[in-house]
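# Residue-level structure breakdown
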Amino acid sequence: MLDGDPYTIVENEFVKPGKGQAFNRVRVRNLKTGRVVEKTFKSGESVEAADVHDTEMQYLYNDGIEWNFMDPDTFEQLIASEQAVGEAAKWIKEQDLCKVTLWNGVPLSIEPPNFVVLEITETDPGLKGDTSGGGGKPATLETGAVVRVPLFVQTGELIKVDTRTGEYVSRAKEA
Amino acid sequence: MSPAARDTAAAGLPWRPCATREMLEARAAMLARIRAFFAAAGVLEVETPLLSRAAVTDPALTSLAVRPGTGVAGGYLHTSPEFAMKRLLAAGSGPIYQICKVFRDDERGRWHHPEFSLLEWYRPGWDYQRLIDEVAALVRAALDRPALAVERVSYRALFRDGLGIDPWETSVAALRDCARRVGIGGVEGLELDRDGWLDLLLSHRLESGLGRGRLSFVHDYPPSQAALARVRPGAAPVAERFELYVEGVELANGFQELTDAAEQRARFDADLDWRRANGQAEVPTDVHFLAALEAGLPESAGVALGLDRLLMIATGAPDIDAVLAFPVERA
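Residues numbered from 1 in each chain as written. Chains lettered and ligands numbered in written order. Predicted model: local features only at pLDDT ≥ 70, side-chain atom pairs only at ≥ 80, totals over all residues. Heavy atoms only, no water.

Take the UniProt feature "domain: Translation elongation factor P/YeiP central" (unreviewed entry) in chain A next. On the UniProt side, "domain: Translation elongation factor P/YeiP central" (unreviewed entry) is annotated at positions that read residues 54-108 of chain A here. From the first C-alpha to the last, residues 54-108 of chain A spans 10 Å; its make-up is 7% helix and 49% strand. (UniProt positions renumbered as here; feature names shortened; annotations may be inferred. Helix = DSSP H or I, 4+ residues; strand = E, 2+ residues; numbered from the N terminus.)

Laid out in structure tokens, this is it:
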């Protein structure tokens, strides 16, 4: 916790002259705004820990503004802001289990499953030879995300995507 | 644990070394060049205890305490062989060097490891400016780069040219303003004394420019940062201390050695007062070292140089783990 906001440590560099004060130069991300800032601390100094924890929740629906999640054990429902959902919006479908980071019971960030299976809603038939030279073509998925897929994959097919890299993994039989 | 369970638990452990075979060879070759350098210069290689009854008082260093075993008293692992080597000098050893492991608790990072290899040497009858020349020659030999350029810059000139402030004259408030002005993050929350602010500015804004394609020696420090260096009196007294930087990294620290026993005792006491006031461990001072100073330490210049960092620079290693067989997490 810094100035009342929860932060996560992105990078922590130990800086110390042979004879003198040791510092930790830390890059931290504000979990509310997503902004990354640099802070310097004297080594060994302590900072209040944010009461943040991760929990697995099921994505229910999006009403256009808010994203609704449910705890699959207690059936308790929570609302996440667009800010908190962030990039995950590109990948998640109703019923997907996501990692939700809660701070004081409020969702701070949403992490999609590492792999998702999504339907291709639009892609070029691309049978007439590959002109890009990259051995692939863009495909729009049902969630709106665009990924590069091999030429043989067609509209209406299901594919498996790695959400950490945004890359196509394989064709899939069913979700 | 049963043998079978033990084998299962051991199966996934990262037992392999971090350093590659080539890195082990580079280290061995570097050590051989260093030993050849000192053999040619007529400097005697010595060994002194790693485990001492006494510890360093310097508040910036944390000694690792060793619990008493059976029969032999415990003590502290040394943070440098300085006190013992000066006892050898006082006993008339002549010029000496040592390559040894030293231990500093609470130091871990890309450039720090709590156990590291140090080269330390002493030149009785020399002054520190002459020793700077020899450090340059040694590093050129160790890196096998005989034409590497050398520059000398005083601590005062470094701050004046780099930040536009005089480290002797500038107030603590102005040092804080300077840190804010140069964009060091989180300055509002920092409570530091004068030397703390100077350390912050040096380590965050000045060091990275030093030693680029050359050896940069920073010399003549504020008296408050003398450590074990002699202070040269004058209108603005300076500590006769130097540091070597290569590629933005602090590599060596040297002194015109303090030989005045009463002054040394006073500095130990000041360190211990600081430790008491700031809740740091109180440690037994090295009384044998003080006795040697009272008997008479010849006027000497001495320096300590970090060998793991030197090897990192020689090989372009990205972090200290890459030059170590087994870093502390898997030691």
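Still to come is the rest of the account.
It is worth spelling out the interface of chain B and chain A at this point. Of the residues lining the interface, 27 residues belong to chain B; the matching set on chain A comes to 16 residues. Summed over both partners, the interface of chain B with chain A comes to about 1,800 Å²; 53% of that surface belongs to carbon and sulfur atoms. Per-residue buried area on chain B facing chain A is highest for His112(B), Asp199(B) and His204(B); these three make up 23% of the total on that side. Put simply, chain B and chain A have one salt bridge between them. One salt bridge connects Lys16(A) with Glu107(B), and the closest N-O pair in it is separated by 3.6 Å. The tally of links between chain B and chain A comes to six residue pairs in polar contact (both at pLDDT 80 or more). Among the elements of the structure, α7 (194-206) and β11 (249-256) of chain B are those that each provide at least two residues to the side of chain B that touches chain A. (Contact = heavy atoms within 4.5 Å. Buried area = accessible area lost by both parts, 1.4 Å probe. Salt bridge = Lys/Arg side-chain N within 4 Å of Asp/Glu carboxyl O. Polar contact = N/O pair within 3.5 Å; in protein donor to acceptor, adjacent residues only side chain to side chain.)

Glancing now at unusual backbone geometry. Residues and elements named next belong to chain B. One non-glycine residue, Asp 220, lies in positive phi territory at about 65°. Tracing the backbone through its elements, the reader meets Asp 220 in strand β8 (residues 214-221). A positive phi angle, close to 55°, is found at Ala 227, a residue other than glycine. The topology assignment puts Ala 227 in the loop between β8 and β9 (231-232).

Attention now moves to the side chain of Asp286(B). Residue and element names in this part refer to chain B. Tracing the chain through its elements places Asp 286 in the loop between α8 (261-277) and α9 (287-296). In this structure Asp 286 is buried but unpaired, with Arg 87 as the nearest side chain of opposite charge at 4.6 Å. Here the side chain of Asp 286 touches Phe 289 through a polar contact of 3.0 Å, landing on its backbone nitrogen. For Asp 286, the contacting residues outside a window of four places in its chain are Ala 54, Phe 83 and Phe 268. (Buried < 20%, exposed > 50% of the residue type's maximum accessible area, 1.4 Å probe, protein only. Lys, Arg positive; Asp, Glu negative; His and termini not counted.)

Under the domain assignment used here, chain A contains domain 1 (7-42), domain 2 (52-111) and domain 3 (115-171). Just the C-alpha atoms count here: the centres of domain 1 of chain A and domain 2 of chain A sit 29 Å apart. (Domains from an automatic or database assignment.)

What follows deals with the nonpolar core. All names here are of chain B. Of all hydrophobic cores here, the largest spans 43 residues; its most connected members are Leu 119, Val 135 and Leu 305. When residues of this core are assigned to their parent elements, the largest contribution, nine residues, is made by helix α4 (residues 128-143). If you look at the next biggest cluster of nonpolar residues, it comprises 30 residues, including Phe 159, Leu 175, Trp 197 and Leu 206. (Core = buried A, V, L, I, M, F, W, Y, C linked by side-chain atoms within 4.5 Å.)

To continue, consider the packing of aromatic side chains. Counted by the stated rule, this structure contains 12 aromatic pairs over all chains. Centroid distance Phe38(B) to Tyr97(B): 4.4 Å. Interplanar angle 20°. Geometry classified as stacked. In this pair, Phe38(B) sits in helix α2 (residues 21-41) while Tyr97(B) sits in strand β5 (residues 96-103), placing the two residues 59 residues apart along the sequence. The exposure class of Tyr97(B) is buried, given its relative accessible area of 3%. Ring centres 4.5 Å apart and planes at 20° place the aromatic pair Phe83(B) and Phe289(B) in the stacked group. With Phe83(B) in helix α3 (residues 82-90) and Phe289(B) in helix α9, this pair connects stretches of sequence that are 206 residues apart. Exposure remark for Phe83(B): the relative accessible area of 12% places this residue in the buried category. Assessed through its relative accessible area of 1%, Phe289(B) is described here as buried. Put simply, the rings of Phe37(B), Phe38(B), Tyr97(B) and Trp121(B) pair up and form one aromatic cluster. Here the guanidinium or amino end of Lys160(A) rests over the ring plane of Phe115(A), the centre of that ring lying 5.0 Å away. (Phe/Tyr/Trp six-rings, centres within 6.5 Å; stacked < 30°, edge-to-face > 60°. Lys NZ or Arg CZ within 6 Å of the ring centre and 35° of its normal.)

The next point concerns the pairing of strand β10 (residues 238-246) of chain B. Residues and elements named next belong to chain B. Burial analysis of β10 places nine of its nine residues in the buried class, which makes it a mostly covered element. The pairing of β8 with β10 spans six bridges and is classified as antiparallel. Of the residues in β10, the one forming a bridge with His 219 is Phe 242. With two bridges connecting them, β9 and β10 associate as antiparallel partners. Residue pairing for β10: Arg 232 is matched across the bridge by Val 238. Linkage of β9 to β10, two consecutive antiparallel strands, is achieved through a turn of five residues, within which Gly 234 is found at a positive phi near 160°. Here β10 pairs with β11 via six bridges, running antiparallel. Residue Arg 241 lies in a different strand from β11, and its bridge partner there is Phe 255. Joining the antiparallel neighbours β10 and β11 is a turn of two residues, in which Glu 247 adopts a positive phi near 50°. (Pairing = 2+ DSSP bridges.)

Residues and elements named next belong to chain B. Look at α2 against helix α10 (residues 307-315): their axes get within 10 Å of each other, and the N-to-C directions meet at 115°. Taken together, the axes of α2 and α10 lie roughly perpendicular to each other. In terms of crossing hand, the pair formed by α2 and α10 is right-handed. Of the residues in α10, those in contact with Met 23, Ala 26, Arg 27, Met 30, Leu 31 and Ile 34 of α2 are Leu 307, Asp 308, Leu 310, Leu 311 and Thr 315. (Axes fitted to C-alpha atoms, helices over the stretch in contact; angles between N-to-C directions. Parallel < 35°, antiparallel > 145°, perpendicular 65-115°, else oblique. Left-handed = near helix turned anticlockwise from the far one by under 90°.)

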